Amino acid sequence: FFFQAEDGIRDFCLSRGLGDVYKRQVYYGLALSLESLGKEIHLNLLFLALAETIACLMSAPIKLKYPRGQSFKVMVLLTTGGCLLLVFFRIPEECFVSKDRLCYEQFFSIFLAMLVKFGITVFSSILITYTSEIYPTSVRSLGYGFTMTAGNLARIGVPFFIAYMQRMNINPLIPFGVFGIVTIFFLRTLPETQGERIEDTIAEYQMVEMPSLSRENNSNKMRMSLLNDYDKLMLAHADSK
């Protein structure tokens, strides 16, 4: 289905898989980067849990009100912007050594991390709903398996990537912002599914998404059917003689 299908089907499958890769990398990368945000790890985790709770509560109204494509772009931009802005709020070493010192870099870093957590949580929720809408019923489990495998393979390398960035004294979330720009470009190719009919078979999907190809296939089938009927009539006429 994925690699022997038409270009349109293959493109959205690969774009959807890239979206799951981005989701897993940012979500688990953020959880492993708590030390880079300053303050206490437990306090950082509390703030991120608060942002995730708010995102879960808001994801349902967002999915009901706004188109999938528009929601994807906004949430990835929010997540990408939060990651890239961390470049300007690098926490000095004195903030980690002194517990009593107030560092504005720490507060801004935690705020941006909460912004990233909110964006990637809403993005993940919309992505789950989108997957059930974009794949035809006959291959939906195959589509889920493909995207989850792509995301899990990417997740395996996240701890090693985080450790390497920390050794280089670079905030691990910044490269995820660069990857988010690439993700936005590929998500533009995904078709809109909100309010659309969910197809049951690949043939139905092709008739909706690629009508010119479907018309050509239908005309060929009709032509072959007419030829078969003509042959049957000729054989019946010959037998009657």
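J.: Tell me what's going on with the overall build of the protein, and back it up with residues and numbers.
T.: A count of helices and strands for the protein gives 10 helices and zero strands. Reading the helices (α) and strands (β) of the protein from amino to carboxyl end gives α-α-α-α-α-α-α-α-α-α. Burial statistics for the protein: of 241 residues in total, 40% are counted as buried. Across the protein, the fraction of contacts at a sequence separation of at least 24, relative to all contacts at a separation of at least 6, is 81%.

J.: Please set out a nonpolar patch on the surface residue by residue, giving values where relevant.
T.: Taken together, the side chains of L50, I54, L57 and M58 present a nonpolar region at the surface, about 380 Å² in accessible area. One can find L50 in helix α2 (residues 41-65). Exposure remark for L50: the relative accessible area of 45% places this residue in the partly exposed category.

J.: Any chance you could break down the packing of helix α6 (residues 140-156) against helix α7 (residues 158-167) for me, citing the residues and the numbers?
T.: It is the contact of α6 with α7, at a shortest axis distance of 4 Å, that shows an interaxial angle of 35 degrees. Counted together, A154, R155 and I156 of α6 and V158, P159 and F160 of α7 form the full contact between these two elements. Among the residues making up the contact of α6 with α7, the classes are represented as five nonpolar, no polar and one charged.

J.: Break down the pattern of salt bridges for me, with residues and values.
T.: A side chain with one charge may pair with a side chain of the opposite charge, provided their charged atoms come close. Enumeration according to the criterion identifies five salt bridges in this entry. R24 serves as the salt-bridge partner of D20, at 3.5 Å between the closest nitrogen and oxygen. Note that D20 and R24 are positioned in helix α1 (residues 7-31) at a spacing of four residues, about one turn of the helix. For D20, a relative accessible area of 2% gives the class buried. Ionic pairing is found between E52 and K117, a salt bridge with its closest N-O pair at 3.7 Å.

J.: Can you explain α2? Please cite residues and give values.
T.: Compared with the 36 Å implied by 1.5 Å per residue over 25 residues, the 36 Å span of α2 between its first and last C-alpha is a close match. Of all the bends in α2, the largest measures some 35 degrees and sits at M58, one to four residues before the proline P61. Those residues of α2 not exposed but buried are N44, L48, A51, A55, S59, I62 and K63.

J.: Describe in detail the packing of aromatic side chains, supporting the description with residues and values.
T.: As enumerated under the stated definition, the model contains seven aromatic pairs in all. Relative to F123, the ring of Y22 lies with its centre 6.0 Å away and its plane at 85 degrees, an arrangement referred to as edge-to-face. Of this pair, Y22 sits in helix α1 while F123 sits in helix α5 (residues 104-134), and the two are 101 residues apart along the sequence. In this structure, Y22 and F123 share a single accessibility class: buried. Pairing F185 with F186 gives two aromatic rings, centres 5.5 Å apart and planes at 85 degrees, and the pair type is edge-to-face. Over the ring of Y27 we find K117; its NZ or CZ atom is 3.9 Å from the centre of that ring. The ring of Y28 carries R155 above its face, with NZ or CZ at 5.0 Å from the centroid.

J.: I'd like to hear about the environment of P175, residue by residue, with values.
T.: Topologically, P175 is positioned in helix α8 (residues 173-187). In this structure P175 touches F161 and M165, once residues within four positions along its chain are discounted.

J.: Please set out the confidence of the model for the protein residue by residue, giving values where relevant.
T.: A residue-level look at the protein finds 73% of positions with pLDDT of 70 or above and a mean pLDDT of 76. Long-range and interchain partners of residues 211-220, a stretch whose pLDDT sits below 50, account for five contacts in this model, where long-range means more than four residues apart.

J.: Describe the packing of α2 against α5, listing the residues and the values that go with them.
T.: Between α2 and α5, the least distance of the axes is 8 Å, while the angle of their chain directions is 35 degrees. The crossing of α2 and α5 is right-handed. Here the residues of the contact of α2 with α5 are counted per class, giving 15 nonpolar, five polar and three charged.

J.: Requested: an account of the nonpolar core, with residues and values cited.
T.: Here is a general trend for soluble globular proteins: nonpolar side chains tend to be buried in one another's company. One finds F72, V122 and F123 to be the most contacted residues of the largest nonpolar core, which totals 37 residues. Every element with two or more residues in this core is listed here: α1, α2, α3 (68-85), α5, α7 and α8. Per-element tally for this core: the top contributor is α5, with 12 residues. Apart from residues no more than four positions distant in its own chain, F123 is found in contact with G19, Y22, K23, F72, M75, V76 and L187.

Calculation notes
- Residues numbered from 1 in each chain as written.
- Predicted model: local features only at pLDDT ≥ 70, side-chain atom pairs only at ≥ 80, totals over all residues.
- Heavy atoms only, no water.
- Helix = DSSP H or I, 4+ residues; strand = E, 2+ residues; numbered from the N terminus.
- Buried < 20%, exposed > 50% of the residue type's maximum accessible area, 1.4 Å probe, protein only.
- Contact = heavy atoms within 4.5 Å.
- Patch = residues over 30% accessible without salt bridge, like charges linked within 9 Å, V, L, I, M, F, W, Y side chains within 5 Å.
- Areas by Shrake-Rupley, 256 points an atom, 1.4 Å probe, with all protein chains shown as cover.
- Salt bridge = Lys/Arg side-chain N within 4 Å of Asp/Glu carboxyl O.
- Axes fitted to C-alpha atoms, helices over the stretch in contact; angles between N-to-C directions.
- Nonpolar A, V, L, I, M, F, W, Y, C, P; charged D, E, K, R; others polar.
- Expected span 1.5 Å × (residues − 1).
- Bend = angle between axes of the 7 residues up to and from the residue.
- Phe/Tyr/Trp six-rings, centres within 6.5 Å; stacked < 30°, edge-to-face > 60°.
- Lys NZ or Arg CZ within 6 Å of the ring centre and 35° of its normal.
- pLDDT = per-residue confidence, 0-100.
- Left-handed = near helix turned anticlockwise from the far one by under 90°.
- Core = buried A, V, L, I, M, F, W, Y, C linked by side-chain atoms within 4.5 Å.

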